[in-house]
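The primary structure of each chain is shown beneath.
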Amino acid sequence: MSRTVIHGGLVVTASDEIHADVLIEGGRIAALAAHGTDAATSWSADRRIDATGMYVLPGGVDAHTHMEMPFGGTYAADTFETGTRAAAWGGTTTIVDFAIQTMGRSLREGLDTWHAKADGKCAVDYGFHMILSDVDDSSLKEMDRLVAEGITSFKLFMAYPGVFYSDDGQILRAMQRASGNGGLVMMHAENGIAIDVLVEQALAEGRTDPRYHGDVRKVALEAEATHRAVQLARVAGAPLYVVHVSADEAVDEIAAARHKGLPVFGETCPQYLFLSTDNLAEPGFEGAKYVCSTPLRPREHQEVLWRGLRNNELQVVSTDHCPFCFSGQKEMGRGDFSKIPNGMPGVENRMDLLHQAVVDGHLSRRRWIEIACASPARMFGLYPKKGTIAPGADADVVIYDPGAEQTISAETHHMAVDYSAYEGRRVTGQVRTVLSRGVPVIEDRAYVGHAGHGTYLPRGTCQYL
Ligand code: URP
Ligand code: ZN
Ligand code: ZN
């Protein structure tokens, strides 16, 4: 059994910061011991990694990605191969992607399609959520079977009528089913019926630029949908996880539900913490780069999101990585913002941007690891295999240089997309080395991994309740 020792670093987990050496045996964490102790110095190893001056972190868990997702007549530009490689570059060693049920087809068919896309392609480990596009008796029954085999979370949409949209009755039924089978309902909470009216009116009045995407997807319509989702989950007796929360009033709805003791959880994404409607209003057609749903909000919302992350009104930061190239894809919406494919790249940037938030004083180091590694792993039934550094856990480990300076750019990133949403942004901190189950994937800032190393992760039910 191969043995690796990482020595001299500061091990940071959601609960501790320890100056400790880490012993890895056969792909798992075997032991931690304080630097210089007899235990640590007695370890023999095939490989020794010097982490002096570095953080030793659990690999990031990004619980919201869309590799190769079909949307608006095109496909998200990252494949499982390119997207998971980029994830590794950014210190993320697990992704949970969304398999999609096509309208009128079974969940199984959708899941098989996503397995075929990912199988043998991934650089790091991956699991799946299931998007329910068609809630009926048959898909409800299938939910039970999926939970039993490790697809334990289901995304429903209150937005996108005619595509992914479910009405309140369908949502209630899915939540009732989840309350019985242990599944977790993930909600895209925006009132899509009302938004479509506003889209039609904006276009008819000649308001066609990307910034109107943000205008029509009102804060009130995110907050209203969030409130409705909470009440439906309450009636069903089911837990609820609200994805990509962007608006202050939506955070308030989640906080109010949690205050009542309801099992309601919230996720936000780096784009809502670092970008704003100013980006959507960039001149020319540049704003298209920032079109995603829920949309970017005015800057004032950011402080509410940071506060929500600090006081656990929001539990997770995922990327909602759904990249479309500016050239040829985002451009499909020139003259009609409603035709711009929704989504932004970010799987490579999440750990660094959140470290910058530590540098800027928004988060503590431990909270950084909690929201980016431990909580997503717990939320989606992967803990403590993923999300921590403790004996028995998978040796998904990031050696992170907290003092390195870098400039984020499409010139240097590894995502298969022709722009960066954070172009030119200077951040402090950078991934040096990444191990996935003890195997180097990034070594001293060189990619040494390969497609097919990443394995599929059947998941348990939510461990956050
Ligand atoms: O704009 C976004 N978020 N695109 C991906 C699909 C979704 O709703 O998460
Ligand atoms: Zn969504
Ligand atoms: Zn998404």
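Everything here concerns the structure above.
None of the values given here were measured: they were computed from a predicted structure.

S.K.: Would you mind showing me how to read the site of ligand 1 here?
M.R.: For ligand 1, the set of nearby residues contains 13 residues, the closest of which are Lys155, His188, Ser293, Asp320 and Asn342. Asn342 is positioned with one of its backbone polar atoms (N or O) 3.1 Å from a nitrogen atom of ligand 1. Gly343 is positioned with one of its backbone polar atoms (N or O) 3.4 Å from an oxygen atom of ligand 1. When isolated, ligand 1 has an accessible area of 270 Å², and the protein chains bury 100% of it. Here ligand 1 occupies the largest cavity. Of the residues contributing to the shell around ligand 1, the split by class is four nonpolar, seven polar and two charged.

S.K.: Got a minute to help me understand the packing of helix α13 (residues 350-359) against helix α14 (residues 365-379) in this structure?
M.R.: Packed helix pairs are specified by the crossing angle of their axes together with the interaxial distance, meaning the distance between the axes. Interaxial distance between α13 and α14 falls to 9 Å at its minimum, and their mutual angle equals 155°. Taken together, the axes of α13 and α14 lie roughly antiparallel to each other. Between α13 and α14 lies a crossing whose hand is right-handed. Contacts from Arg350, Met351, Leu354, His355 and Val358 in α13 reach Arg365, Trp368, Ile371, Ala372 and Cys373 in α14. Across the contact of α13 with α14, the residue classes break down as seven nonpolar, one polar and two charged.

S.K.: Can you help me understand the coordination of the zinc ion (ligand 2) in this one?
M.R.: Ideal coordination angles are 109.5 degrees for a metal with four donors arranged tetrahedrally and 90 or 180 degrees for a metal with six donors arranged octahedrally. Only Lys155 (NZ), His188 (ND1) and His244 (NE2) from the protein coordinate the zinc ion (ligand 2), and they sit 2.1 Å from it. The sequence pattern formed by the donor residues of the zinc ion (ligand 2) is K-x32-H-x55-H. A gap of 4.1 Å separates the zinc ion (ligand 2) and the zinc ion (ligand 3). Taken as a pair, Lys155 in strand β12 (residues 153-157) and His244 in the loop between β14 (240-242) and α9 (248-259) lie far apart in primary sequence, 89 residues in all. With respect to burial, Lys155 and His244 carry one shared label: buried.

S.K.: What is the right way to read the coordination of the zinc ion (ligand 3) from this model?
M.R.: Of the protein atoms, only His64 (NE2), His66 (NE2) and Asp320 (OD) coordinate the zinc ion (ligand 3), at distances of 2.0 to 2.1 Å. Each of the four donor atoms bound to the zinc ion (ligand 3) contributes to angles spanning 87 to 134°, and the resulting shape is tetrahedral. Each donor residue of the zinc ion (ligand 3) belongs to the same chain, and together they define the spacing H-x1-H-x253-D.

S.K.: How should the sheet that holds strand β16 (residues 316-317) be read in this particular structure?
M.R.: The strands making up a sheet are joined through hydrogen bonds of the backbone, oriented either antiparallel or parallel. The sheet built from eight strands is open, its strands ordered β7-β10-β11-β12-β13-β14-β15-β16 with parallel pairing. Across the chains shown, the open sheet's two edge strands, defined by having one partner strand only, are β7 (60-65) and β16. Where β7 meets strand β10 (residues 92-100), four bridges bridge the pair, whose relative direction is parallel. Note on β10: the bridge partner recorded for Val61 is Thr94. Strands in contact with α13 are β7, β10 and β16; relative to β7, the strand with the most contacts, it is inclined by about 115°.

S.K.: Which parts of the structure should I look at to understand unusual backbone geometry?
M.R.: Note on backbone geometry: most residues besides glycine have negative phi, and most peptide bonds are trans. Cis geometry marks the peptide bond from Ser293 to Thr294; its omega dihedral reads -5°. With respect to the helices and strands, Thr294 occurs in the loop between α11 (277-280) and α12 (300-310). A cis amide bond, omega 0°, links Tyr383 with the succeeding residue Pro384. Examined against the element boundaries, Pro384 turns out to sit in the loop between α14 and β17 (397-407). For Arg445, which is not a glycine, the phi torsion comes out positive at approximately 60°. With respect to the helices and strands, Arg445 occurs in the loop between β19 (439-443) and β20 (446-447). The class for Arg445 is partly exposed, based on a relative accessible area of 27%.

S.K.: What is the right way to read empty space enclosed by the protein from this model?
M.R.: The gaps left among the atoms become clear once a water-sized probe is rolled over them. Counting across every chain of the model gives two cavities of 30 Å³ or more. By volume, the largest cavity is sized at about 130 Å³. The wall of the largest cavity is formed by 16 residues, among which His66, Tyr160, Ser293, Asp320 and Asn342 lie closest to the centre. Here the residues of the lining of the largest cavity are counted per class, giving eight nonpolar, six polar and two charged. The space that makes up the second largest cavity amounts to roughly 40 Å³. In terms of lining, the second largest cavity is formed by Ser246, Tyr272, Leu275, Arg297, Pro298, His301, Gln302 and Leu305. Per element, the largest residue contribution to the lining of the second largest cavity is three residues, and it comes from α12.

Thresholds applied
- Residues numbered from 1 in each chain as written.
- Chains lettered and ligands numbered in written order.
- Predicted model: local features only at pLDDT ≥ 70, side-chain atom pairs only at ≥ 80, totals over all residues.
- Heavy atoms only, no water.
- Near = heavy atom within 4 Å.
- Polar contact = N/O pair within 3.5 Å; in protein donor to acceptor, adjacent residues only side chain to side chain.
- Areas by Shrake-Rupley, 256 points an atom, 1.4 Å probe, with all protein chains shown as cover.
- 1 Å grid on protein atoms, 1.4 Å probe; cavity = no way out; pocket = protein on both sides within 12 Å on 5 of 7 lines; lining within 4 Å.
- Sits in = over half its atoms within 2 Å of the grid points.
- Nonpolar A, V, L, I, M, F, W, Y, C, P; charged D, E, K, R; others polar.
- Axes fitted to C-alpha atoms, helices over the stretch in contact; angles between N-to-C directions.
- Helix = DSSP H or I, 4+ residues; strand = E, 2+ residues; numbered from the N terminus.
- Parallel < 35°, antiparallel > 145°, perpendicular 65-115°, else oblique.
- Left-handed = near helix turned anticlockwise from the far one by under 90°.
- Contact = heavy atoms within 4.5 Å.
- Donors = N, O, S within 2.8 Å, 3.2 Å for Na, K, Ca; no water.
- Buried < 20%, exposed > 50% of the residue type's maximum accessible area, 1.4 Å probe, protein only.
- Tetrahedral: all angles 85-135°; square planar, octahedral: opposite > 155°, others 65-115°.
- Pairing = 2+ DSSP bridges.
- Points joined across faces, edges and corners; volume = space filled by probe spheres on them.

On their own, these measurements won't tell you what the molecule is for.
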